[in-house]
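# Architecture and fold: a report
One-letter residues, chain by chain:
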Amino acid sequence: MGLFDFFKKKQETPEAHEALDKGLEKTKDGFLSKITKAVVGKSTIDDDVLDNLEEVLVTSDVGVTTTLKIVDRIQKRVAKDKYVSTDDLHGLLRDEIQSLLAENNSDDFERLEYGDHKPYVIMVVGVNGVGKTTTIGKLAHQLKEAGNKVVLGAADTFRAAAVDQIKLWGERVGVRVVAQPMGSDPASVAFDTVKSAVANGDDVAIIDTAGRLHNKVGLMNELTKIKNVMQKVVPDAPHEILLVLDASTGQNAIEQCKQFTEATDVNALALTKLDGTAKGGVVIGISDQFKIPVKYIGVGEKIGDLQLFQKKDFVDSLFK
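Residues numbered from 1 in each chain as written. Predicted model: local features only at pLDDT ≥ 70, side-chain atom pairs only at ≥ 80, totals over all residues. Heavy atoms only, no water.

## What about the overall build of the protein chain?
From N to C terminus, the protein chain includes 13 helices and eight strands. Taking 20 Å as the expected radius of gyration for a compact globule of 320 residues, we find that the protein chain reaches 21 Å, a close match to that expectation. Dimensions of the protein chain, computed from the C-alpha atoms along their principal axes, are close to 65 × 40 × 30 Å. Here the protein chain holds 320 residues, and 56% of them are scored as buried. Considering only intrachain contacts with a sequence separation of at least 6, the fraction spanning at least 24 residues in the protein chain is 77%. Roughly 13,600 Å² of accessible area belongs to the protein chain as shown, and the carbon and sulfur atoms make up 50% of that amount. For the protein chain, the distance from the average site of its 41 positive side-chain charges to the average site of its 48 negative ones is 3 Å. (Helix = DSSP H or I, 4+ residues; strand = E, 2+ residues; numbered from the N terminus. Rg over C-alpha atoms; globule rule 2.2 N^0.38 Å. Buried < 20%, exposed > 50% of the residue type's maximum accessible area, 1.4 Å probe, protein only. Contact = heavy atoms within 4.5 Å. Areas by Shrake-Rupley, 256 points an atom, 1.4 Å probe, with all protein chains shown as cover. Lys, Arg positive; Asp, Glu negative; His and termini not counted. Charge placed at Lys NZ, Arg CZ, Asp CG, Glu CD.)

What follows is the structure in structure tokens.
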């Protein structure tokens, strides 16, 4: 079964919908209660309501730029439709957020297959503490469940804990791990992992990298070196550079996204810890500002709680 078919089948189950709803509970409660307060005593959407809505979106970590876009769209709809009641605000807001996400380069990965790439090489980047290693473990589990042969590369060699964590996940989900002693050259680990993946006929190689936001030049040089050595084995590797961000850090996640996208060619995002925060609006802001597809969202601690980001399901759940 292809990976997309596997994910889709899993995400169409009542359990998956329930996990998404539960994962977005804190964001939804804060978001909807703020909107309710924004329209108290009003029957139509006027300038006061729009000002209040602006504040609601900004304080829900949607971000100023994206908030202004959404409010402007609603203002135009209100002007065109002449009379719009505050009862319609939820529906209007849901439609505009959905259409904004649809315009961005954030498709729903309906063709989430790896094509002719074998091994398909994923380089995972992000600062320490965002749930990077956990995301790698959960992704490895899903890939294996979908029938892929997976190998993990423990290239975050600056922290002994990072190498140990990857090894533990490897044991837990039953996939191979390539590691070297702490302090080894991360590029050397990445090289060995990709070489091993080719020799073993693996479908996917996932490479962890150091989670430090040291100066941008240092980060850029390190990631470029890792890419260059992998390309000696697989010329077009890595096929995916997945940036993992912690949704609970709100605007800080946007800043991290800015730093990493300037340092390397990030082409996919994973937003973790949505279940532990009321700042889920950051998913909308990041998707809009960076035009990089949000590929995965983490909605719980269970091994199956890493979901493909489906725009419609996400927005529907937010307004449910």
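Once you've had a look at it, read on.
## Some thoughts on a nonpolar patch on the surface
A cluster of nonpolar side chains, contributed by V58, V64 and L68, occupies part of the molecular surface with about 240 Å² of accessible area. Following the sequence through the fold, V58 ends up in helix α4 (residues 47-59). Take V58: its relative accessible area is 34%, and that puts it in the partly exposed class. (Patch = residues over 30% accessible without salt bridge, like charges linked within 9 Å, V, L, I, M, F, W, Y side chains within 5 Å. Salt bridge = Lys/Arg side-chain N within 4 Å of Asp/Glu carboxyl O.)

## Notes on the environment of D202
Mapped onto the elements of the fold, D202 is located in the loop between α9 (186-200) and β4 (204-208). Taking relative accessible area as the criterion, D202 reaches 2% and is therefore assigned buried. Discounting chain neighbours no more than four positions away, the residues touching D202 are K118, P119, K149, V150, V151, R176, S196 and A197. There is a polar contact of 2.7 Å between the side chain of D202 and the side chain of R176. (Polar contact = N/O pair within 3.5 Å; in protein donor to acceptor, adjacent residues only side chain to side chain.)

## Brief notes about the side chain of K227
With respect to the helices and strands, K227 occurs in helix α10 (residues 216-230). Take K227: its relative accessible area is 15%, and that puts it in the buried class. Contact partners of K227, with chain neighbours within four places excluded, come to M123, A237, P238, I241, T264 and D265.

## Quick word on the UniProt feature "domain: SRP54-type proteins GTP-binding" (unreviewed entry) in the protein chain
UniProt feature "domain: SRP54-type proteins GTP-binding" (unreviewed entry): in the numbering of this structure it lies at residues 293-306. The span residues 293-306 is 0% helix and 43% strand, and its two end C-alpha atoms sit 16 Å from each other. (UniProt positions renumbered as here; feature names shortened; annotations may be inferred.)

## Comments concerning the environment of S287
Inspection of the secondary structure puts S287 in helix α12 (residues 282-290). By relative accessible area, which is 0% here, S287 ends up buried.

## Re the pattern of salt bridges
Enumeration over the complete set of coordinates arrives at 19 salt bridges. Taking the shortest distance from any N to any O, the salt bridge between D46 and K42 comes out at 3.0 Å. Here D265 makes a salt bridge to K227, at a shortest N to O gap of 3.3 Å. With D265 in the loop between α11 (251-263) and β6 (268-272) and K227 in helix α10, the pair connects residues that are 38 residues apart, well separated along the chain. Classification of D265 as exposed rests on a relative accessible area of 56%. Through salt bridges that share partners, R73, R77, E96 and E103 make up one connected network.

## A look at the packing of helix α2 (residues 14-23) against helix α13 (residues 311-318)
In the contact formed by α2 and α13, the axes pass within 9 Å of each other and the chain directions differ by 55°. Judged on the interaxial angle alone, α13 and α2 are oblique. Helix-helix and strand crossings are classified by hand; for α2 and α13 the assignment is right-handed. Each of H17, L20 and D21 in α2 lies in contact with α13, whose residues at this interface are D313, F314 and S317. Of the residues in the contact of α2 with α13, the class split is two nonpolar, two polar and two charged. (Axes fitted to C-alpha atoms, helices over the stretch in contact; angles between N-to-C directions. Parallel < 35°, antiparallel > 145°, perpendicular 65-115°, else oblique. Left-handed = near helix turned anticlockwise from the far one by under 90°. Nonpolar A, V, L, I, M, F, W, Y, C, P; charged D, E, K, R; others polar.)

## Examining the sheet that holds strand β1 (residues 120-125)
What the eight strands build is an open sheet, ordered β3-β2-β4-β1-β5-β6-β7-β8; its pairing is mixed. Each having just a single partner strand, β3 (176-178) and β8 (306-308) make up the two edges of the open sheet. Between one strand and the next, the sheet's axes are offset by a mean angle of 25°, whatever the strand orientation. Where strand β5 (residues 240-246) and β6 come together, five bridges link them in parallel fashion. Residue pairing in the sheet places V244 in a bridge with A270 of β6. (Pairing = 2+ DSSP bridges.)

## Points about the pairing of β1
Of all the six residues making up β1, six are buried; the element is thus mostly covered by neighbouring parts of the structure. Alternating positions in β1 separate into two faces, Y120, I122 and V124 on one and V121, M123 and V125 on the other, with burial throughout. In this sheet, β4 lies alongside β1 in parallel orientation, the contact comprising five bridges. Across the sheet, V121 pairs through a bridge with A205, a residue of β4. Strand direction decides the pairing type here: β1 and β5, joined by four bridges, are parallel. Its bridge partner lying in β5, I122 is registered against E240.

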